[in-house]
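An overview of the molecular structure
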Amino acid sequence: MNALREAPIAVPWLGILRADWPLVPLRYLVRFLSGGTPDKGNADFWSGGTIPWVSPKDMKVDRINDSEDHITVAALDGSATQLVPVGSVLVVVRGMILAHTLPVAVTTGPVTINQDIKALVCGQPILPEFLHAVLAGQAEWLLSQADSSAHGTKKLETEVLQRFEVPCPPLDLQRRIIAAMRAQAMGLDEVVAAKQRVLDLLAEKRKAIIATAVTRGLDPKVKLRDSGVPWLGVTPAHWELWKVGHLAKVGNGSTPERDKVAYWSEGSFPWLNSSVVNQEEVTSSDQFVTDAALRECHLPRLRPGTVLVAITGQGKTRGQAVVLSIEATINQHMAFVAPDPALVDAWFLRWSFYRAYDYLRSISDDAGGTKGALTCEDVAGLRIPVPPPDEQRTIVEHIARETAQLDAVRAATERTIALLKERRSALIAAAVTGQLDVGAAA
C-alpha cells in the first residue's frame, strides 16, 4: 500500500497526496508561450490559410490538432502568434468561460493560438497528458484564482499558473497512471457521448417543431403558396409577408464609457450585453447604468416584450434572439426589435428569428473574412410570414407546450451528464495524487 500524506498547507487543493511524490511549481516544468491575433483586415493573413489558429471556441476537446479558423505563413511572420509544438498543453486564460470551465487540451499537431490561450511546452520531468490531467483535475481551484475585469471577463494570470505546484512522480509511473485513467474513463466517456447524442436529437426535434410552426402553421391541410423567399419556401396562402421594420421599431444601444463613474456608480437601470441571447427569456441583469448614462449616451429604454437580436459575436451568438421581460437598455452588439402588438406577438417574432437564424448568419458573413456582423438594416429588412393575431397566439402556445416537454427531458439528461463528468473529474483527481491503483496497468 503506498503511503499518503496531507498536501502542504500552501497547496490545499490537492487534498491527499502520495508521500513520495515531489511538488514542483509549474514554472520549472514547462515553457510558457503566448499567442496573438493576426490583423483581421489583412487578407494575406487569412485567405487560403491552412495553419490552425486555436481560440477558446475550439477548446472543447482533450486533444487538438485543428481549429475553425486558419491562418497563412505570412500571418506567422507578421503577427504575435507563433507555432506551438506538438505535445504542448493549451489552457484558456481569458474569457467568460472561466466563470465555470477551464478548457485544457494537448496538441497532437502543430497549431497557433490567440491571446486568450497559453501554451505550456513540457520539459523532461513531466508528460503532457499527465499535466493535462493535473490541470483538469484541479480546475475548480484554478478557476477560483481567476480575476474579473471591469466588464466581467475572467482572466487567469500567468503568475498563478507559474506558481501552481504540480505532483511530479517518475515518468514511468506517469505513463501507467495515464493508461489507467484512460481505461477507467473510457466507460464514462462512452455513456456521456450517448447522452450527448440524445441532447443532439432533442435539439433537432425542438428546431423542427419551431420551424414548422412559424412557417407552415399547425393545420396540415392548409393551402400553401410559394413565399418568394428562398430560405422560407412555401407558407400558408392566407399569411402575409412583412418586413420586420414594418412590424416593429428597430435600433441598438451602446456601452457608456467604463471609466466615467457617473455612468456606472450606483446605477439602477439594467444594461445588457449580447450574452443574454443565450437565455430563453431575459428576466434580470447583472450590470446597471445611471440616468446620466441613459441620457448622455442616448441609450434606449426598452419595455418588456421587446425582442433582442445579437448582431455581432463569434460562436453561435450572432443572429440569436430573445424576448425581454424587464425594462432594460442594451449595448451596441445587439439590435432591439420593439413590435407593434397589434401586428405581431413578441414571442411569435422571436421564434421567427429563430427560424431565420441560418439565413441571418449567411448574410452577416463577410466575403473572405473571418468575422461577420449584422446591421439594424439587415434586421429591419428581414421578411417573415405573419399569420392573423389569433393564429399567432395559438402557435406560440403550441411551441411553449411542445418545447416544455423536450426541455424537461433535456434538463434530466444534462443532470446525468454533469454527474458523469463529476465522477470523471474525481477519477482524474485521484489518479494525479497517487490514490488510483495502477499496479495492473501496462
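Structure: see above.
These figures come from a predicted structure and were not determined experimentally. (Residues numbered from 1 in each chain as written. Predicted model: local features only at pLDDT ≥ 70, side-chain atom pairs only at ≥ 80, totals over all residues. Heavy atoms only, no water.)

Some points on the overall build of the chain
We count it as follows: A run of DSSP states H or I qualifies as a helix once it reaches four residues; a run of E qualifies as a strand once it reaches two. Both are numbered from the N-terminal end. Note on definitions: a residue-residue contact is assigned when non-hydrogen atoms from the two residues lie within 4.5 Å. Accessible surface is estimated by sampling points in the Shrake-Rupley manner with a 1.4 Å probe; for residues, cover comes only from the protein chains shown.
Broken down by element type, the chain carries 13 helices and 26 strands. Taken along its principal axes, the extent of the C-alpha atoms in the chain is 75 × 50 × 45 Å. Contacts in the chain between residues far apart in sequence, at least 24 positions, make up 70% of those at least 6 positions apart. Only carbon and sulfur atoms are counted for the fraction: they give 52% of the accessible area of the chain, which is about 21,600 Å².

Describing the pattern of salt bridges
Oppositely charged side chains may form a pair once their charged atoms are brought near each other. We apply this condition: We define a salt bridge as a contact between a side-chain nitrogen of Lys or Arg and a carboxyl oxygen of Asp or Glu at a distance within 4 Å. Buried means the residue's accessible area, taken with a 1.4 Å probe over protein chains only, is under 20% of the maximum for its type, while exposed means over 50%, and partly exposed covers the values in between.
Per the stated rule, a full pass over the model turns up 18 salt bridges. Among the salt bridges present, the one from Glu159 reaches Arg27, with a minimum N-O distance of 3.0 Å. One end of the pair, Glu159, is in helix α5 (residues 158–163); the other, Arg27, is in the loop between β3 (23–25) and β4 (30–34), with 132 residues separating them in the sequence. Taking relative accessible area as the criterion, Glu159 reaches 37% and is therefore assigned partly exposed.

Remarks on the sheet that holds strand β22 (residues 307–310)
Note the threshold: Pairing between two strands requires that DSSP report at least two bridges joining them. An axis is simply a line fitted to the C-alpha atoms; with a helix, the fit covers only the stretch in contact. Between two such axes, the angle follows the N-to-C directions and lies from 0 to 180 degrees.
One open sheet holds the 5 strands; their spatial order is β18-β25-β22-β23-β20, and the pairing between them is mixed. The sheet is open, and its two edges are formed by β18 (248–252) and β20 (281–282), each paired on a single side. As paired strands, β20 and strand β23 (residues 321–324) are joined by 2 bridges and run parallel to one another. Bridge pairing in β23 links Val282 to Leu324. Sitting on the sheet, helix α10 (residues 346–355) touches β20, β22, β23 and β25 (334–339), and the angle it makes with β23 is about 165 degrees.

Some details on the nonpolar core
How we decide: What is meant by a nonpolar core is a set of buried Ala, Val, Leu, Ile, Met, Phe, Trp, Tyr and Cys residues, joined one to another through side-chain atoms within 4.5 Å.
Val89, Leu90, Leu102, Phe130, Leu131 and Leu135 are the most contacted members of the largest nonpolar core, which totals 57 residues. Top element by residues in this core is helix α6 (residues 171–216). It accounts for 6 residues. If near-sequence neighbours (up to four positions away) are discounted, Phe130 is found in contact with Trp21, Pro167, Pro169, Gln174, Ile177, Ile178 and Val432.

Considerations on the environment of Val323
Turning to its location among the elements, Val323 is positioned in strand β23. Counting along the chain gives 97 residues from Val323 to Asp226, while the straight-line C-alpha distance between them is 29 Å. With residues near it in sequence (within four places) discarded, Val323 still touches Glu281, Val282, Gly305, Thr306, Val307, Ala346, Trp347 and Arg350.

A few points about the sheet that holds strand β21 (residues 288–289)
As summarised here, the arrangement of the 3 strands in space is β21-β19-β24, forming an open sheet in which the pairing is mixed. A strand with exactly one partner marks an edge of an open sheet, and here the two such strands are β21 and β24 (329–330). Bridging between strand β19 (residues 269–272) and β24 involves 2 bridges; their strand directions are parallel. Within β24, the position partnered with Trp271 by the bridge is Thr329.

Remarks on α10
Put simply, the test is: Distance and chemistry together define a polar contact, namely a pair of N or O atoms within 3.5 Å, with one atom able to donate a hydrogen and the other to accept it when in protein, and with adjacent residues in sequence counting only for side-chain atoms on both sides.
Buried residues dominate α10, accounting for 7 of its 10 residues. Within α10, the full set of buried residues consists of Ala346, Phe348, Leu349, Arg350, Trp351, Ser352 and Phe353. Two to three positions downstream of the cap, the backbone nitrogen of Trp347 sits 2.8 Å from a side-chain oxygen, assigning the N-cap of α10 to Asp345.

Observations regarding the state of the cysteines
Disulfides are covalent bonds that link the sulfur atoms of two cysteine residues. Basically, it comes down to this: Our working definition of a disulfide is a cysteine sulfur pair at a distance within 2.5 Å.
The full count for this structure, using the stated rule, is 0 disulfides. Among the cysteines around Cys122, which has no disulfide bond, Cys168 carries the closest sulfur, lying 9.9 Å off. Here Cys297 stays free of any disulfide, with the sulfur of Cys376 as its closest cysteine sulfur at 17 Å.

Some remarks on the packing of α6 against helix α13 (residues 389–431)
Two numbers describe a pair of packed helices, the interaxial angle and the distance between the axes. Selection criterion: Note on angle classes: values under 35 degrees are labelled roughly parallel, values over 145 roughly antiparallel, values of 65 to 115 roughly perpendicular, and the remainder oblique. Under this grouping Gly is polar, as are all residues other than the nonpolar Ala, Val, Leu, Ile, Met, Phe, Trp, Tyr, Cys and Pro and the charged Asp, Glu, Lys and Arg.
Closest axis-to-axis distance for the α6/α13 pair is 10 Å, and the angle between their directions is 170 degrees. In this view, α6 runs roughly antiparallel relative to α13, as classed from their interaxial angle. Of the residues belonging to the contact of α6 with α13, the class tally is 22 nonpolar, 6 polar and 11 charged.

Quick look at unusual backbone geometry
The phi dihedral of Glu266 is positive, around 60 degrees, even though this residue is not glycine. By the secondary structure assignment, Glu266 is in the loop between α8 (261–264) and β19. Note on Glu266: relative accessible area 80%, which makes it exposed.

What about the packing of aromatic side chains?
For the record, the criterion: Aromatic rings from Phe, Tyr and Trp, taking only the six-membered ring of Trp, are treated as a pair when their centres fall within 6.5 Å; an angle between ring planes under 30 degrees marks them as stacked, one over 60 as edge-to-face, and anything in between as tilted.
Under the definition given, this model contains 7 aromatic pairs. Note on Trp46 and Trp53: the rings are 5.1 Å apart at their centroids and 90 degrees apart in plane angle, and the pair reads as edge-to-face. Here Trp46 matches Trp53 in class, with each residue buried. With centroids separated by 5.5 Å and ring planes inclined at 15 degrees, the aromatic side chains of Trp231 and Tyr359 adopt a geometry described as stacked.

Some points on the pairing of strand β8 (residues 89–92)
Side chains Val89 and Val91 of β8 all project onto a buried face; the interleaved residues Leu90 and Val92 project onto the opposite face, where all are buried too. Examined bridge by bridge, β8 and strand β9 (residues 104–107) share 3 bridges and lie antiparallel to one another. Bridge pairing in β9 places Val89 opposite Val106. In the sheet, β8 pairs with strand β11 (residues 117–122) via 4 bridges, with the strands oriented antiparallel. Across the sheet, Val89 pairs through a bridge with Leu120, a residue of β11.

A short note on the side chain of Thr413
Mapping Thr413 onto the fold places it in helix α13. On the accessibility criterion, Thr413 (8% relative accessible area) is buried. Ignoring any residue separated from it by four or fewer positions in sequence, one finds Thr413 in contact with Lys195, Val198 and Leu199.

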